[in-house]
Amino acid sequence: MANRTYLYSANKELNKFRDVSEWANEIPLFYKIVLGSETGTSTSKIWNFELPIVITANFQKGLNKFYDFLDYLQTQPHLDAEAIKSYRQETKDFFKKYPERELDLFFMEGGEVYDLVGDMYPLEEQNDALYNEIINISKDIDEILEKKPENVFDFKDIYWLQEIKSDITTLSVYWTYVTYYSFNKS
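Remember, it's a predicted structure, so these values are computed and weren't measured experimentally.

A. Geometry of helix H5 (residues 123-147). Relative to the 36 Å expected for 25 residues at 1.5 Å per residue, H5 spans 36 Å between its end C-alpha atoms, a close match to the ideal helical length. Buried residues of H5: Leu123, Gln126, Asn127, Leu130, Ile134, Ile137, Ser138, Asp140, Ile141, Ile144 and Leu145, and no others. A positive backbone phi angle near 40° is found at Lys148, which sits one or two residues after H5.

Okay, structure coming up:
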C-alpha cells in the first residue's frame, strides 16, 4: 500500500472529483488549513468502508484562509518570508494552470494513512480526531488573523504554530494534477 493522503476537489453532489494533491505517510499542515472552512466528514470514494473517513471543506474559503494566513506570516520577522511567498505562489500557479480543479469542496481521503495504525485506532476515530484538530487549527487561525499580533509566537503557544517556528517547511505545499488514486486518468 502507498500510505498516502489524497486531496481532491469535488462538486457539492460528490459525483465529480479532480486530483489536487497527495502526501506520503502523514496529513500535512497545509491540508489542515485548507480544510478549515465549513469542515465536514463523508464516506470514502476509494475505500470500501461504510463509516466516514473523509474530511470535506469549502474549497474557495479554505484556499482564501490559507492565502490570508500566509500573507500574515510573511509579516513575522522570525520566519523565512521568501519560503512563505513561494508556498503561496506555488498554490496560485497550480490553480491558475488547472482552473478546472477549482470545484466546490476539498475532499481529503486519509484512509491509507489512518490504516498505518488502524489495528490500534479505528479509522473512523482517527478521522474524528483529525476533524477536531482541523476545527481547532481553524479557530486559532481566525483569532490570529482577527488580532494580527506583532509576534504570533508570543500570542499563542500551540504545537502546530511552534512547528512552523522551528521549521518553515512544515507549511510547504505539494500540488499535482494526478494522484496515485486518480479521478482524472483516461
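B. Geometry of the environment of Gly62. Positionally, Gly62 belongs in helix H2 (residues 59-73). Owing to a relative accessible area of 0%, Gly62 belongs among the buried residues under this scheme. In the structure, Gly62 is positioned 31 residues away from Tyr31 in sequence and 9.3 Å away in space, judged by C-alpha atoms. Gly62 has contacts with Ile33, Val34 and Ser37, leaving out every residue within four places of it along the chain.

C. Highlighting the pairing of strand E2 (residues 17-24). Summarising burial for E2: six of the eight residues are buried, a large majority. Where strand E1 (residues 4-10) and E2 come together, seven bridges link them in antiparallel fashion. Along E2, the bridge assignment pairs Tyr6 with Glu22. Connecting E1 to the next strand, E2, in antiparallel fashion are six residues, including Leu14 with a positive phi near 55°.

D. Inspection of the packing of aromatic side chains at higher detail. Inspection of the entire model under this criterion finds 18 aromatic pairs. Pairing Tyr6 with Tyr8 gives two aromatic rings, centres 6.3 Å apart and planes at 20°, and the pair type is stacked. Assessed through its relative accessible area of 0%, Tyr8 is described here as buried. Taking 5.5 Å as the distance between ring centres and 80° as the angle between the ring planes, the aromatic pair formed by Tyr6 and Tyr181 counts as edge-to-face. Note that Tyr6 is positioned in strand E1 and Tyr181 in the segment after helix H7 (159-166), a separation of 175 residues in sequence. Pairwise contacts between aromatic rings join Trp23, Phe30, Tyr31, Phe59, Phe66, Phe94, Phe95, Tyr98, Phe106, Trp175 and Tyr177 into one cluster.

Rules behind the numbers
Residues numbered from 1 in each chain as written. Predicted model: local features only at pLDDT ≥ 70, side-chain atom pairs only at ≥ 80, totals over all residues. Heavy atoms only, no water. Helix = DSSP H or I, 4+ residues; strand = E, 2+ residues; numbered from the N terminus. Expected span 1.5 Å × (residues − 1). Buried < 20%, exposed > 50% of the residue type's maximum accessible area, 1.4 Å probe, protein only. Contact = heavy atoms within 4.5 Å. Pairing = 2+ DSSP bridges. Phe/Tyr/Trp six-rings, centres within 6.5 Å; stacked < 30°, edge-to-face > 60°.

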